[in-house]
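If you want the building blocks of each chain, they are given just below.
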Amino acid sequence: MSALEDLIYGNRGTLESTPTTKEYKALFSVVADKNEKMRELLASSPDLLAHFDSTIDSIVQADAQLGVDYFAEGLRFGILLGIDIAD
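About the cut-offs
Residues numbered from 1 in each chain as written. Predicted model: local features only at pLDDT ≥ 70, side-chain atom pairs only at ≥ 80, totals over all residues. Heavy atoms only, no water. Axes fitted to C-alpha atoms, helices over the stretch in contact; angles between N-to-C directions. Helix = DSSP H or I, 4+ residues; strand = E, 2+ residues; numbered from the N terminus. Parallel < 35°, antiparallel > 145°, perpendicular 65-115°, else oblique. Contact = heavy atoms within 4.5 Å. Nonpolar A, V, L, I, M, F, W, Y, C, P; charged D, E, K, R; others polar. Salt bridge = Lys/Arg side-chain N within 4 Å of Asp/Glu carboxyl O. Buried < 20%, exposed > 50% of the residue type's maximum accessible area, 1.4 Å probe, protein only.

**Considerations on the packing of helix α2 (residues 22-42) against helix α3 (residues 46-86)**
It is at 8 Å that the axes of α2 and α3 come closest, and there the two elements cross at 155°. As far as their axial angle goes, α3 and α2 are roughly antiparallel. Listed contacts from α3 to Asn35, Met38, Arg39 and Leu42 of α2 are Pro46, Leu48, Leu49, Phe52, Asp53 and Ile56. Of the residues that constitute the contact of α2 with α3, the class distribution is seven nonpolar, one polar and two charged.

What follows is the structure, given as structure tokens:
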């Protein structure tokens, strides 16, 4: 199967097929701990907790969009590189 077919059929380039590094896991663990602590601190203030949750949701959405943007740019560059090599 070609690389393009792997991409089309979801064999590569998916969250499930991309291993998570130890570095990411360590960083995400810190984020999760800080998130849990912040939620505990804000538990007595529902308005602040709701604002914090909304802020986290916005950060997650922005980060997801950045991942999509980087993937698209990497794919474009990879295709252009392949065209250059083929010429």
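That was the structure; now back to the text.
**Considerations on the pattern of salt bridges**
Going through the model one piece at a time under the given rule, you end up with two salt bridges. For the salt bridge of Arg39 with Asp53, the shortest nitrogen-to-oxygen distance reads 2.3 Å. In this pair, Arg39 sits in helix α2 while Asp53 sits in helix α3, placing the two residues 14 residues apart along the sequence. Among the residues examined, Arg39 registers a relative accessible area of 33% and is labelled partly exposed. With its nearest N and O atoms 3.2 Å apart, the salt bridge here joins Glu73 to Arg76. Within this pair, Glu73 and its partner Arg76 are both found in helix α3, separated by three residues, close to a single helical turn. You can call Arg76 partly exposed: its relative accessible area is 48%.

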